[in-house]
Amino acid sequence: MTPRMTDHFKRIGSAFNGLVTFETELRKGPLDHVLLHLVKLRASQINGCAFCIQMHVSDALKDGESHLRLHMVAGWRDSTLFTPRERAALAWTEKLTTVAAAHPTDADWEAVSAVFNADELAFLTFAISGINLWNRTQIAFSVAHGLDLPAERPHAA
């Protein structure tokens, strides 16, 4: 794969700084970082963004997530490894990421609203929207993914 452009962020100047500020503010919000990693990974899987998949797996591992849970994100519906909040967030991620196929229904909204308060839901929705923007730009410019991952942190017994 050959990158189509390597200075795309430089070319948009302060708009890029706005995107970085957006991400920084999302991380300061009420959502757990583990949840944000799962959401960003799932959207990136759906969109096929190799750069973002590698980056979010790497970040999640650095923050203490397990390899097994990261491997199971694509099959979260059939796994017992995810909490009700994570499951609701992953379902909402899928609905918003595939919005061209079908818009989220009132039932979808009610399901995610049952486990997230209004502030959390706003942050979650913007986090999903943001990763979809990043996926699309990285795919458009054929940005290559990293070639390594950090080791999984040992878990307390």
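Residues numbered from 1 in each chain as written. Predicted model: local features only at pLDDT ≥ 70, side-chain atom pairs only at ≥ 80, totals over all residues. Heavy atoms only, no water.

Naming follows an unreviewed UniProt entry, where the protein appears as AhpD family alkylhydroperoxidase of Gemmobacter caeni.

**Looking at the pattern of salt bridges**
The test is simple: Salt bridges are identified by distance alone: a Lys or Arg side-chain nitrogen within 4 Å of an Asp or Glu carboxyl oxygen. The secondary structure listing takes helices from DSSP runs of H or I that are at least 4 residues long and strands from runs of E that are at least 2 residues long, numbered from the N terminus. Burial status follows relative accessibility: with a 1.4 Å probe on protein chains alone, a residue under 20% of its type maximum counts as buried, one over 50% as exposed, and anything between as partly exposed.
Counted by the stated rule, this structure contains eight salt bridges. Between lysine 40 and glutamate 23 there is a salt bridge; the shortest N-O distance is 2.6 Å. One end of the pair, lysine 40, is in helix 3 (residues 33–47); the other, glutamate 23, is in helix 2 (residues 14–27), with 17 residues separating them in the sequence. Judged by its relative accessible area of 7%, glutamate 23 is buried. Among the salt bridges present, the one from glutamate 25 reaches lysine 28, with a minimum N-O distance of 3.1 Å. The partly exposed category is assigned to glutamate 25, whose relative accessible area is 39%.

**Some points on the state of the cysteines**
Using the following cut-off: By convention in this document, the label disulfide applies to cysteine sulfur atom pairs within 2.5 Å.
Following the criterion strictly, the structure yields zero disulfides and no others. For cysteine 49, which is in no disulfide, the shortest distance to another cysteine sulfur is to cysteine 52 and amounts to 3.2 Å. Here cysteine 49 falls in the buried class, since its relative accessible area comes to 2%.

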